[in-house]
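Examination of the molecular architecture
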Amino acid sequence: MAAFDEMLPEVSGLRRPYQAYDRWLKEQDPARLTQKMEDAERVFRKTGITFAVYGEQEASERLIPFDIVPRIISGQEWRRLTQGIEQRVQALNAFLDDIYHRQEILRAGRVPKELVAKNEAFLPEMIGVRPPAGVYTHIIGVDIVRIGENEFYVLEDNARTPSGVSYMLENRETMMQLFPELFQQIKVRPVENYPQLLRQSLAAVRPQGAKGAPTIAVLTPGSYNSAYFEHAFLADQMGVQLVEGQDLRVVDGHVTMRTTEGYKQIDVLYRRVDDAFLDPLTFRPDSALGVPGIMDVYRAGNITIANAPGTGIADDKAIYSYMPEIVEFYTGRKAILGNIPTWRCSEPNSLKYVLEHIGELVIKEVHGSGGYGMLVGPAATKKECEAFAKKLQAKPGNYIAQPTLALSTCPILTENGLAPRHVDLRPYVLVSDRIQIVPGGLTRVALKEGSLVVNSSQGGGTKDTWVLDD
Amino acid sequence: MLLGRTANGLYWMNRYIERAENMARLVDAGLRMALTRTQNASEEWNSVLLSAGSDLAFSQKYQDYTVANVSDFLLRDTSNPSSTMSSIETARNNARMVRTALTRETWESINEAWMSLKRMLARPIDERDLPTMLDAIKRETALIRGSFYGTMLRNEIFDFSQLGTYVERADNTARILDVKYYVLLPSISWVGSTLDNYQWESILRSVSAHRSYRWVYDADYKPTNIADYLILNVRMPRSLTFCYRFLGEHLRFLADDYGERHACHATAEKIQTMLKKGSIKDIFDHGLHEFLAEFIRDNTRLGDEIALDYRFY
């Protein structure tokens, strides 16, 4: 299975977006590049850009490996991508509004009713609730894969609390520190203003009753959470408070935080805590990470929660397979960005097909994330496949399957020079009264030769992503 | 605006940075005594442990008061919550929690101190390397202090940090004096024996003041001068009066900023007035040990009141 290389495809030779970079690269001394690679690691370790890997006690803080070869996207490619993403994000918000109100799409039979009703990500508590400014999912990370010159597909919509944006920013910062001359030679569109855009975007969706400049805070599960660095980073960059559940309390119908001067009202909460933990009075009663009573404040329209509770129903893997229908239903046009063909194992015919072709497919848990609990057929042993088939037959509704795609590759720097590795792309989208997409995103790269799993928890790394200003 | 939890994190981050360094200083003073005196080294190590507030925990683990045991316990033992390694770890965890309140330089200096001390203290310390190790610890904390003073905005974040530093430091100096108070009591002969001289130097050394003492007083050590220096001198950066001058100042800044005074303000002022009005003669007349014990109690109370008044929890 020959993959499409974004720098140097076998057929056509060096691609245009990489020409200037390639010229520069050829002038570099390999020893200097190796040195730069070590410098990069030192920068990351010093600033404490770490993440936690669940289940590994010893290495509770690890670095995400960073590769110094940028992933480059031309201005034209980017324009096409953003059109597709905008359309998709509009549809996601329209779908959420519909699902929690009139449910037209279910009545029209375009999405099966039981898929929503029986879905854990669907929150009945949100029925009839209209969030401030009518926005449900404010911050979205759309995972996109490429398999050819003009073939982009959406792999996943992350509409709950997508992470990784701090890596996009730090990767750029690091690249500019390591190779200032490159940025003088090549015009790369900036991503640095993301925190400002995020702040403006959150301020724009403040509750109607909020007077003056709204008070914004980032809610983190705490410093032991795997993405804590990012929570702190974003709060810091936006110049807002980083709060934990223990800092918050509902006072007189508003969510307030305990400060050295008493309790102060919060208008917009960018929460990085899952729905289930948000309010022990409404959801999981054992949660110490949330705020008792916040859902009442929310229903009264006195706080904006970003992203809104219950947005998970839109990025659920079972719903994903209906995205082409969903996009068309709400925007009236065919989806610009396609889906990857998906077999829903809940359907008997599909299950039969999946079981017969288990060795060729990627099988994912409907509710899983982070690359946990999935099977990559071609990379699995016969025994692993058989074991997985048993799980699949026991609970078919829990799984979907997709063909193993030849994800595009990008070169990384190895001890033996450049070598191609599979990549994906997660651009970040902000929704308020408008939709904004930062030109760039997080490129994740599978560092192991031939591997298709790019998740950082499974040995993936990252690259700086350049959108050219051409 | 500052979260109560953040103020708490800043306060303890700085207490623990101070503590990490004080442990090194105490071991340094003990080592000096052990090198210059052959007898009674174990007694000296015991008073080092007493000053560190770790004598009980130590005796549960060890029988022999040797350089190796004590320095291991006070510097690298993570089962001892006050050891340099535990302190720097706690300081760093607090720093991580309040990261958004720190400058990049400050956070990085703490993170780097943690990384380098973790590496250095990973294996038992070779006695021959002990002096180098102690220097390295002091250098790391000096770097943290340097980047902190050099880059932090002088606002409430700075104030709460400094409160932690000075409450810890005052406690430390008072404890060092209290453990050795008996060697400072006036004896029949005013000229100290050689033995006393060593003891006095050791006290000064444990607060890094053995050189500066001579700039202020006579070249000879005199117990009243030593006590005066560590308790009442306004310019000596580890004296009780110095600590309270800054505690008073930072609490005043907070009161002005917030437009509100609390119980902790009254307590700090009371202690400050007591230090300002008192002479070293009064203190000796009152009883040095009684004075110090009372001071340590009041200082602890101030810490509790700060936590309560500024909603640390």
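Quick caveat, the model's predicted, so the values are computed rather than measured.

What counts and how
- Residues numbered from 1 in each chain as written.
- Chains lettered and ligands numbered in written order.
- Predicted model: local features only at pLDDT ≥ 70, side-chain atom pairs only at ≥ 80, totals over all residues.
- pLDDT = per-residue confidence, 0-100.
- Helix = DSSP H or I, 4+ residues; strand = E, 2+ residues; numbered from the N terminus.
- Contact = placed C-beta atoms within 7 Å.
- Nonpolar A, V, L, I, M, F, W, Y, C, P; charged D, E, K, R; others polar.
- Pairing = 2+ DSSP bridges.
- Axes fitted to C-alpha atoms, helices over the stretch in contact; angles between N-to-C directions.
- Buried ≥ 20, exposed ≤ 12 C-beta atoms within 10 Å, placed from the backbone.
- Core = buried A, V, L, I, M, F, W, Y, C linked by C-beta atoms within 7 Å.
- Expected span 1.5 Å × (residues − 1).

Residue and element names in this part refer to chain B. When the pLDDT values of chain B are averaged, the result is 92; 96% of them are 70 or greater. Least confident of the elements in chain B is helix α9 (residues 181–184), whose mean pLDDT is 80; most confident is helix α13 (residues 240–258), at 97. Across the interfaces of the predicted complex, the ipTM metric reaches 0.83, alongside a pTM of 0.87.

Residue and element names in this part refer to chain A. Assignment of secondary structure puts A159 in the loop between β3 (151–158) and α6 (165–178). Remark: the alpha-carbon pair of A159 and A227, spanning 68 residues in sequence, is separated by 17 Å. Leaving out residues up to four positions away in the same chain, A159 has contacts with L92, T137, I140, N307, T311, A314 and D315.

Contact residues are listed per partner, giving 19 residues for chain B and 19 residues for chain A. At the level of elements, α1 (4–36), α5 (84–97) and α6 (104–120) of chain B are the ones that each hand at least two residues to the side of chain B that touches chain A. With 4 residues, the single largest contributor to the side of chain B that touches chain A is α6(B). By residue class, the composition of the side of chain B that touches chain A is 8 nonpolar, 4 polar and 7 charged.

Residue and element names in this part refer to chain A. Strand order in the open sheet formed by 3 strands is β6-β7-β8, and the pairing between neighbours is antiparallel. Of all the strands in the sheet, just β6 (248–251) and β8 (262–265) have a single pairing partner and so form its edges. Each adjacent strand pair in this sheet contributes to an overall mean axis angle of 45°, direction not counted. Relative to β8, strand β7 (residues 254–259) is paired through 4 bridges, and the arrangement is antiparallel.

What follows is about the pairing of strand β4 (residues 216–219) of chain A. All names here are of chain A. Burial along β4 is two-sided: the face carrying I216 and V218 and the face carrying A217 and L219 are both buried. Where β4 and strand β9 (residues 268–271) come together, 4 bridges link them in parallel fashion. What sits directly across from V218, in β9, is Y270. As paired elements, β4 and strand β5 (residues 241–243) share 3 bridges and run parallel to each other. By the bridge assignment, V218 is partnered in β5 with L242.

This paragraph deals with the nonpolar core. The biggest cluster of nonpolar side chains holds 208 residues, and the ones touching the most others in it are A:L269 and B:V27. Residues in contact with B:V27, not counting those within four places in the same chain, are B:V48, B:V70, B:S71, B:L74, B:L75 and B:L134.

Okay, α5(B) next. An α-helix turns once per 3.6 residues; consequently, residues spaced three or four apart project the same way. Residues and elements named next belong to chain B. In this model α5 runs 20 Å from its N-terminal to its C-terminal C-alpha over 14 residues, within 8% of the 20 Å that 1.5 Å per residue would give. Extensive coverage of α5 is indicated by the burial of 11 of its 14 residues. Where α5 is buried, its residues contact α1, α4 (67–76), α6 and α7 (130–151).

The subject of this paragraph is the environment of A:N225. Residues and elements named next belong to chain A. If you trace the backbone, N225 turns up in the loop between β4 and α9 (228–238). The exposure class of N225 is partly exposed, given the 18 C-beta atoms found within 10 Å. Distance in space between the C-alpha atoms of N225 and V273 is 9.9 Å, their sequence separation being 48 residues.

This part takes up unusual backbone geometry. Outside of glycine, negative phi angles account for most residues, and trans bonds account for most peptide bonds. Residues and elements named next belong to chain A. Residues A306 and N307 are joined by a peptide bond in cis, for which omega reads -10°. Considering the arrangement of structural elements, one finds N307 in the loop between β10 (304–306) and α11 (312–315). Look at A133: it is not a glycine, yet its phi comes out positive at around 65°. Topologically, A133 is positioned in the loop between α5 (113–117) and β2 (139–148). For A133, a count of 15 C-beta atoms within 10 Å corresponds to the partly exposed category.

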